[in-house]
Amino acid sequence: MVTTYDGWRLFHGDGQQHPVDEMPPAPPWRTFGPVAPDGGPDGGPAEGPAPARPYLISPEHADVVNAALHLRRPMLVTGHPGTGKSSLARAIAHELDLGEVLHWPVNSRSTVQDALYRYDAIGRLRETALSRDRGEAEPPLGSFVRLGPLGTALVPGPRPRVLLVDELDKGDVDLPNDLLTVFEEGEFEIPELARLPEEQSVVDVLTERADERATVRRGRLRCQEFPVVVITSNGERDFPPAFLRRCVRLELPTPDEARLREIVTAHLGEDALDDVDRLLEAFLSRRSARQLATDQLLNAVFLRASGVDLTADGLLEAVLHRLGGVV
């Protein structure tokens, strides 16, 4: 039971306290549960189950996904914001039961090496000095090597892992070409481990998952099954032909009114379609003049179903706001 003093309004902005016994229910896509092991793709522990959220895709687009899965090729997924590019990786992981999605959010400072592994040389020097002072054995080198999301995706196992490379077009112009060798060979070298003597050639290193380690032999790590790689792009720039040749391309369309109704039903149930016509009309009219994402419509429908008065001054405009350009 929520205790408020003005219907749906929890915050009043008057400097007074208005305690609530319990927060109202969150949207299904903004509900977070505790992290718990669920078994990774190779039978080992994972960080948590892949979200079982509804994902709608046309049969022809699903066939493109299947082609990439059979070819063991990365998928380059393009489309406007909110068309479900990033969610596709989670949908594949859920349907194929491949465990938690490994996520590499690309920015202007991203490098392939950071995505493969990181070596904490300073931490090793510090811990080694402390161990010597205490008369203890030096900590193993593998404790200072942690695989990144791309490196973890290449850890050998009987089933592939799912890697989401999010917004590759935000990275450096050379980043796509830097990925070619890794995508072609399915392996990489960790020079810090490759230089070790033969008796130390097998090293256990850390991975992206806190409760998992990977074994590296002679400084090289090679996948057994090429990971399911979903690369998203907002189309902000073109990629080199050599990179495009190695990808299967999927263009996700902007959903029409019929598909929007299906999406609302999948996420919020049949009842959410009651009296949704005006909201759909407002969303479609705004989308034709500015960039809007489908989840903005879901937000508006959820608020209305929760009793929020979307006719309140400026509220609908705040929810269906422009995503890019001048407001």
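This structure is a prediction, so every number in the text was calculated from the model and none was measured.

(A) Quick peek at the overall build of the protein. When you go through the protein residue by residue, the secondary structure sums to twelve helices and eleven strands. Each principal axis of the C-alpha atoms in the protein carries an extent, and together these give about 70 × 50 × 40 Å. Counting every position in the protein, which comprises 327 residues, the buried fraction comes to 39%. In the protein, once contacts between residues fewer than 6 apart in sequence are set aside, the share between residues at least 24 apart is 75%. The centroid of the 36 positive side-chain charges in the protein is displaced by 5 Å from the centroid of its 52 negative side-chain charges.

(B) Fine view of the sheet that holds strand 2 (residues 102-105). One open sheet accounts for five strands, arranged 2-5-10-1-11; its pairing is parallel. Only two strands of the sheet have a single neighbouring strand rather than two, namely strand 2 and strand 11 (248-251). Strand-to-strand twist of the sheet, defined as the mean angle between neighbouring strand axes without regard to direction, takes the value 20°. Contacting strand 1 (75-78), strand 10 (228-233) and strand 11, helix 1 (residues 59-71) runs over the sheet at an angle of about 160° to strand 11.

(C) Geometry of the pattern of salt bridges. Applying the stated criterion across every chain, the model contains 13 salt bridges. Between Glu-208 and Arg-118 there is a salt bridge whose closest N-O contact spans 3.6 Å. Of this pair, Glu-208 sits in the loop between strand 7 (202-206) and strand 8 (213-217) while Arg-118 sits in strand 3 (residues 117-119), and the two are 90 residues apart along the sequence. Between Arg-161 and Glu-212 there is a salt bridge; the shortest N-O distance is 3.0 Å. Here Arg-161, found in the loop between helix 5 (149-153) and strand 5 (162-166), pairs with Glu-212, found in the loop between strand 7 and strand 8; they are 51 residues apart in sequence, far enough to count as distant. Residue classification places Arg-161 among the buried residues on the basis of a relative accessible area of 3%. It is possible to trace a salt-bridge network through shared partners that takes in Glu-187, Glu-189, Arg-220 and Arg-222.

(D) Representation of helix 10 (residues 277-289) within the structure. Taking 1.5 Å of rise per residue, the 13 residues of helix 10 would be expected to cover 18 Å, and the 19 Å separating its terminal C-alpha atoms lies within 8% of that figure. Among the residues making up helix 10, those that are buried are Leu-279, Leu-280, Ala-282 and Phe-283. Seen along its axis, helix 10 keeps its buried residues to an arc of 165°; they face one direction. Along helix 10, exposed side chains directed more than 90 degrees from the buried face belong to Arg-278, Glu-281, Ser-288 and Ala-289.

(E) Highlighting the nonpolar core. Grouped together as the largest cluster of nonpolar side chains are 38 residues, with contacts concentrated most on Trp-104, Leu-147, Leu-150, Leu-168, Ile-231 and Phe-243. With five residues, helix 6 (residues 175-185) is the largest single contributor of residues to this core. When near neighbours in sequence (up to four residues on either side) are disregarded, Leu-150 contacts Trp-104, Val-112, Ala-115, Leu-116, Leu-163, Leu-179, Val-182 and Phe-183. With 21 residues, the next largest nonpolar core counts Val-264, Leu-292, Leu-310 and Val-319 among its residues.

(F) Local environment of the side chain of Thr-83. Among the structural elements, Thr-83 can be located in the loop between strand 1 and helix 2 (85-96). Overall, Thr-83 belongs to the buried group, its relative accessible area being 15%. A distance of 2.7 Å separates a polar atom in the side chain of Thr-83 from the backbone oxygen of His-80.

(G) Spatial organisation of the side chain of Thr-78. Structurally, Thr-78 can be placed in strand 1. Owing to a relative accessible area of 12%, Thr-78 belongs among the buried residues under this scheme. In this structure Thr-78 touches Lys-85, Ser-233, Leu-250, Glu-251 and Leu-252, once residues within four positions along its chain are discounted.

(H) Region of interest: the confidence of the model for the protein. When pLDDT is averaged along the protein, the result is 86, and 91% of the positions lie at 70 or above. Here residues 37-51 is modelled with pLDDT under 50, and outside its nearest four sequence neighbours on either side it reaches 39 contacts, counting other chains as well.

(I) Focus on the pairing of strand 11. Of the two faces of strand 11, only one is covered, namely that formed by Val-248 and Leu-250; the face formed by Arg-249 and Glu-251 stays uncovered. As paired strands, strand 1 and strand 11 are joined by four bridges and run parallel to one another. Paired with Val-77 across the bridge in strand 11 is Leu-250.

(J) Structural context of the pairing of strand 10. Burial analysis of strand 10 places six of its six residues in the buried class, which makes it a mostly covered element. As judged from the four bridges shared by strand 5 and strand 10, these two strands associate in the parallel manner. Paired with Val-165 across the bridge in strand 10 is Ile-231.

(K) Focus on the packing of helix 9 (residues 257-268) against helix 11 (residues 294-305). Between helix 9 and helix 11, the least distance of the axes is 10 Å, while the angle of their chain directions is 55°. Classed by the angle they form, the pair helix 9 and helix 11 counts as oblique. Pair helix 9 / helix 11 crosses with right-handed handedness. Contacts between helix 9 and helix 11 pair Leu-260, Ile-263, Val-264, His-267 and Leu-268 from the former with Thr-294, Leu-297, Leu-298, Val-301 and Phe-302 from the latter. When its residues are assigned to classes, the contact of helix 9 with helix 11 shows eight nonpolar, two polar and no charged.

Calculation criteria
Residues numbered from 1 in each chain as written. Predicted model: local features only at pLDDT ≥ 70, side-chain atom pairs only at ≥ 80, totals over all residues. Heavy atoms only, no water. Helix = DSSP H or I, 4+ residues; strand = E, 2+ residues; numbered from the N terminus. Buried < 20%, exposed > 50% of the residue type's maximum accessible area, 1.4 Å probe, protein only. Contact = heavy atoms within 4.5 Å. Lys, Arg positive; Asp, Glu negative; His and termini not counted. Charge placed at Lys NZ, Arg CZ, Asp CG, Glu CD. Pairing = 2+ DSSP bridges. Axes fitted to C-alpha atoms, helices over the stretch in contact; angles between N-to-C directions. Salt bridge = Lys/Arg side-chain N within 4 Å of Asp/Glu carboxyl O. Expected span 1.5 Å × (residues − 1). Arc of directions from axis to C-beta. Core = buried A, V, L, I, M, F, W, Y, C linked by side-chain atoms within 4.5 Å. Polar contact = N/O pair within 3.5 Å; in protein donor to acceptor, adjacent residues only side chain to side chain. pLDDT = per-residue confidence, 0-100. Parallel < 35°, antiparallel > 145°, perpendicular 65-115°, else oblique. Left-handed = near helix turned anticlockwise from the far one by under 90°. Nonpolar A, V, L, I, M, F, W, Y, C, P; charged D, E, K, R; others polar.

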